[in-house]
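# Structural features, examined
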Amino acid sequence: MIRLKAWLLSPWLTVRCQMLLGAIFVIAAFPKLMDPPGFAKAMHAYKLFPAWGIHPAALLMPWLELITGTLLALGLWVRTTTLWISALLVAFILSLSINLARHHPVDCGCFTTQEKPKTESERLNDMRWVILRDLGMLLLAAQILTAQRAKSKMEANTPVSSGR
Amino acid sequence: MRLPTSIPAQTAALLAITGLCALLANAVAGPRRHLAWFATPMTAPPIAPLIAEPISATIPAAIPTPAQPTPALPTPAQFPKAPTLKPTPSEVPTPQTPSQPVREIASAEAWAVFQAGAPFLDARRSADFEAGHIKGAFNLSVWESTLDEHLVEFEAKTNRPPEAPLVLYCSGGGCEDSHLLASRLFKMGYRNLLIYRDGYPDWQANGRPVAAGAK
């Protein structure tokens, strides 16, 4: 058990989680950066956001994804970027869950802004899978944050050398 | 230069960089990629949903109708699931009802109105329009910043009275772009807006005249 915990918090695993999560966010950002009107349309389909907020969100969110993803993959500002990525993931999960609960099928708009011809049940099924995928990514973020906290604790408990 | 180390300072820097990048990218974006930072909220006007039974009548294209107050009708989100009409040779178009300045139409009526020469407005993205559209349609993509410019062009080209019928379409199914375009045209004073509910996929499936490329 202790060995499993040590492995789960190991720098080896943390670096891989950072790179994977960062890369996913960078890849997800590109189609939205290439087509902000398409992303605004995808957001409008969720029927959750006020009309005045859709355009600014469609312009800012892809850049936030790209910058946080790049910094995380490079191991810079890890705690801050992971917290932002977690916040975004929670927002995605909530948005999809609300629409799933009210039986309103939407295209996720996560990795593409193109609409795909799908039936209502296919869309609803996809939404369930996307929620599961986002929960998986949230687990990666949890690993990074927990490992960061453990590292900070360890550093705080390490006695400072006298310099002799 | 010292980099920020605390979470609030890093957050502030992150948001500042994000905002700056978005501003710059949007400023240099071409017309298809450009998105206005603050758009006028588009809410659908009262729309009469599609009625299943066909009504025998004449083609509505030539009948200008005065605008009249409309009773409260469901918004697109509350539409009842109306069965789709299958066009048959014996079917004739439904008439323009004066009390319905914006209403949904089925496949057969769309075809009849097309034959009568009413303009078709394509609310889909310009890339979709270029890939294929109803022959003679105008592209008025509601999500692109070229909408205003295209609306002016359309009005100058057609110069139609507000009571003359206009057919709006998008991709059918759950697509709401034609409803959003109807909202815009309704605000501009158009009072005979026919939303082709099943849109371009249905038109194509019926083997009706299509064209490709930008207009």
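Residues numbered from 1 in each chain as written. Chains lettered and ligands numbered in written order. Predicted model: local features only at pLDDT ≥ 70, side-chain atom pairs only at ≥ 80, totals over all residues.

### Here we look at the overall build of chain A
- Along its length, chain A carries six helices and zero strands.
- Taken from N to C terminus, the helices and strands of chain A fall in the order α-α-α-α-α-α.
- Across its three principal directions, the C-alpha atoms of chain A cover 70 × 35 × 25 Å.
- Taking all 164 residues of chain A together, the buried fraction comes to 36%.
- For chain A, the proportion of contacts with a sequence separation of at least 24, taken over those separated by at least 6, is 71%. (Helix = DSSP H or I, 4+ residues; strand = E, 2+ residues; numbered from the N terminus. Buried ≥ 20, exposed ≤ 12 C-beta atoms within 10 Å, placed from the backbone. Contact = placed C-beta atoms within 7 Å.)

### What to know about the overall build of chain B
- If you tally the helices and strands in chain B, you get six helices and seven strands.
- Helices and strands appear in chain B in the N-to-C order α-β-α-β-α-β-β-α-β-α-β-α-β.
- For chain B, the residues scored as buried account for 37% of the 215 residues in total.
- Taking all contacts inside chain B whose residues are at least 6 apart in sequence as the whole, residues at least 24 apart take part in 76%.

### Comments concerning the nonpolar core
- If you look at the biggest cluster of nonpolar residues, it comprises 75 residues, and the most contacted ones within it are V167, L168 and L193 of chain B.
- Looking at which element gives the most residues to this core, the answer is helix α4 (residues 51-73) of chain A, with ten residues.
- In contact with V167 of chain B, not counting residues within four places along its chain, are A110, V113, A118, F120, L121, L194 and Y196 of chain B. (Core = buried A, V, L, I, M, F, W, Y, C linked by C-beta atoms within 7 Å.)

### So, the packing of helix α3 (residues 36-45) of chain A against α4 of chain A
Residues and elements named next belong to chain A.
- It is the contact of α3 with α4, at a shortest axis distance of 9 Å, that shows an interaxial angle of 120 degrees. Of the possible angle classes, the one that applies to α3 and α4 is oblique. Where α3 crosses over α4, the handedness of that crossing is right-handed. Of α4, the residues touching α3 (which contributes P36, F39, A40, M43 and H44) are I54, H55, A57, A58, L59 and P62.
- Here the residues of the contact of α3 with α4 sort into nine nonpolar, two polar and no charged. (Axes fitted to C-alpha atoms, helices over the stretch in contact; angles between N-to-C directions. Parallel < 35°, antiparallel > 145°, perpendicular 65-115°, else oblique. Left-handed = near helix turned anticlockwise from the far one by under 90°. Nonpolar A, V, L, I, M, F, W, Y, C, P; charged D, E, K, R; others polar.)

### Some points on unusual backbone geometry
- One non-glycine residue, K47 of chain A, lies in the positive phi region at around 55 degrees.
- Positive phi values are uncommon outside glycine, yet H103 of chain A reaches one of about 60 degrees.

### Comments concerning the interface of chain A and chain B
- Counting from both sides, the interface comprises 25 residues of chain A and, opposite them, 24 residues of chain B.
- Of all the secondary-structure elements, those providing two or more residues to the side of chain A that touches chain B are α3, α4 and α5 (78-101) of chain A.
- Looking at which element gives the most residues to the side of chain A that touches chain B, the answer is α4 of chain A, with eleven residues.
- Residue classes in the side of chain A that touches chain B are distributed as 16 nonpolar, four polar and five charged.

### Regarding the confidence of the model for chain B
Residue and element names in this part refer to chain B.
- Chain-level pLDDT for chain B is 79 on average; 73% of the residues reach the 70-or-more range.
- For the stretch residues 53-95, pLDDT sits under 50, and the model shows 80 contacts to residues farther than four places along the chain or on other chains.
- Interface scoring of the predicted complex returns ipTM 0.88; its pTM is 0.79. (pLDDT = per-residue confidence, 0-100.)

### Remarks on the environment of K5 of chain A
- Mapped onto the secondary structure, K5 of chain A falls in helix α1 (residues 2-8).
- Residues K5 of chain A and E122 of chain A lie 117 residues apart in sequence; the distance between their C-alpha atoms is 39 Å.

### Remarks on the pairing of strand β1 (residues 102-105) of chain B
All names here are of chain B.
- Covered by surrounding structure in β1 are V102 and E104 together with R103 and I105, the residues of both alternating faces.
- As judged from the four bridges shared by β1 and strand β6 (residues 193-196), these two strands associate in the parallel manner. Counted as the bridge partner of I105 is Y196 from β6. (Pairing = 2+ DSSP bridges.)

### Examining the sheet that holds strand β5 (residues 166-169) of chain B
Residues and elements named next belong to chain B.
- A sheet is described by the order of its strands in space; here five strands give the open sequence β1-β6-β5-β2-β4, paired in parallel fashion. Each of the sheet's edge strands pairs with one partner strand only, and the pair in question is β1 and β4 (138-139).
- Judged from the three bridges that link them, strand β2 (residues 120-122) and β5 form a sheet pairing that is parallel. Of the residues in β5, the one forming a bridge with D122 is Y169.

### Brief notes about the pairing of β6 of chain B
Residues and elements named next belong to chain B.
- Here β6 shows two buried faces, one formed by L193 and I195 and the other by L194 and Y196.
- Both β5 and β6 contribute to a ladder of four bridges, which runs parallel. Each residue of the ladder has a partner; that of L166, found in β6, is L193.
- What joins β5 to β6 is helix α5 (residues 177-187), and the crossover it makes is right-handed. (Right-handed = clockwise from strand over helix to strand, strands pointing away.)

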